[in-house]
Every structure is written in C-alpha cells, then in structure tokens.
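Each chain, written out:
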Amino acid sequence: MGQGGEPRRGQAADGELGVAVARAQEGDESAFSVAYRLVQPGLLGYLRGLVGDDAEDVASDAWLEIARDLGRFRGDGAGFRGWTATIARHRAFDHLRRQKVRPRASVLDQDVLELPGGHNTYDQALESISTEYALELVSRLPRDQAEAVLLRVVVGLDGPAAARVLGKRPGAVRTAAYRGLKRLALQLGAESVTDEDPETLGESG
C-alpha cells in the first residue's frame, strides 16, 4: 500500500489485468488489448526514463516479445506488470548497447540534502511524477534511483517486484526510490522535505 493507506498506482487495476491476461492466453485478442491498455502507459513512462525519445520504438519491440511469449507467463496481474517491465528493461539495454550510450545519469553528484521542515512535499513529487517534466527530471537521477522511482511509481510495482526486475534486494530498491523521490521533490521546487522512512514507500515485502 502507498502512503496513508492508499493503493499504489496500478494496484486497483491488477485484478482486471489478471483476468485480461488469463483470457489473452486463451486466445482472446480483445483481452490482450485490455492488458496492453492497462500496462502500456506505465511501461512507456519507465522506458522514457531509460531511452528518452526512443521509448515508443523500444516499447514496440518489448510488446512483440510479450505477445510471443505470453503463453509462458505464469502469475497474476501484478506479476504481469513485473514480467513486462523486465522484458522492456532488457530491450531498452539492448537498444542502448546498439546506440553505444548509457542511460542518462544525473548531473547532480551530491547526496540528497536533508532539509528540515514540517511540510510534506513527498506526495507532491508522487503526484507530479507522470508529467513529461517530472519524467525528464527522473531520467537525470542516478540510474539506480531513476529505475527504482519509475518501477515503483510509474509502473506501479511493489518493492519485491521492482527488486526482481532490477536483480536487487527489496530494501535497496526502497532506499533508492526514497532518495530519488526526495531529490525529485527538490528539483520540482519544493521548499522542504520531511524525513520519510523508506519503509513508508510501500508494503511489507
């Protein structure tokens, strides 16, 4: 769950997604379209943070692989989000290797400043994360932070699922997302950031 008991982004649709995926695996093309509609916005936002303007092309490659291997998938709606994110990540890094570039790194090398104050701007960063401007800022974060933020907030994965995509421990992903969101809040012009515990980023995992 997210802050204040609110569901994380994408969680409310996971039940519908699971049903759509199951039907798509049985050959229902309209169900596959439903799954695509539920997953594509978050997946595209994630890819924009990795490959910028080439996100649409990389997403198309990823969906070709997703459609081809759909019969091999086992899991629920949340699991499908993680599975598709893993495929998209592989395609993104294949693309970057072909282009001989790396994911864009942050121009900020310093650690996130710990600013005092009672006004919580953490939620402001969460609310703004879907804007093009915010996605551009996220793409400038250190790569581990950018990917953690994108997977947690844009794709809607919980900590363990995001950790599986990245091949890291859930705690490391929570911490990276926490630091990335604090940095993002500062970049969005927030005047103060409360010291949120990384554990409040989500769930029990």
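Residues numbered from 1 in each chain as written. Predicted model: local features only at pLDDT ≥ 70, side-chain atom pairs only at ≥ 80, totals over all residues. Heavy atoms only, no water.

1. Considering the environment of R169
By secondary structure assignment, the location of R169 is in the loop between helix 8 (159–166) and helix 9 (170–187). It is 8.7 Å that separates the C-alpha atoms of R169 and G159, two residues lying 10 residues apart in sequence. (Helix = DSSP H or I, 4+ residues; strand = E, 2+ residues; numbered from the N terminus.)

2. Let's talk about the pattern of salt bridges
As enumerated under the stated definition, the model contains nine salt bridges in all. Of the charged contacts in the structure, one is a salt bridge between R37 and E16, with a shortest N-O distance of 3.4 Å. Highlighted residues: R37 in helix 2 (residues 29–51) and E16 in helix 1 (residues 14–25), separated in sequence by 21 residues. The closest approach of N and O atoms between R89 and E147, which form a salt bridge, is 2.7 Å. A residue pair is termed long-range when its members are at least 10 positions apart, and R89 in helix 4 (residues 77–99) and E147 in helix 7 (residues 143–155) qualify at 58 residues. Its relative accessible area of 3% is what places E147 among the buried residues. In this structure, a network of salt bridges that share partners links the residues E65, R91, D94 and R97. (Salt bridge = Lys/Arg side-chain N within 4 Å of Asp/Glu carboxyl O. Buried < 20%, exposed > 50% of the residue type's maximum accessible area, 1.4 Å probe, protein only.)

3. A word on the nonpolar core
Y46, F80, L151 and L157 are the most contacted members of the largest nonpolar core, which totals 53 residues. Taken together, the elements giving at least two residues each to this core come down to helix 1, helix 2, helix 3 (55–69), helix 4, helix 6 (132–139), helix 7, helix 8 and helix 9. Counting residues per element, this core draws most heavily on helix 2, which supplies 10 residues. (Core = buried A, V, L, I, M, F, W, Y, C linked by side-chain atoms within 4.5 Å.)

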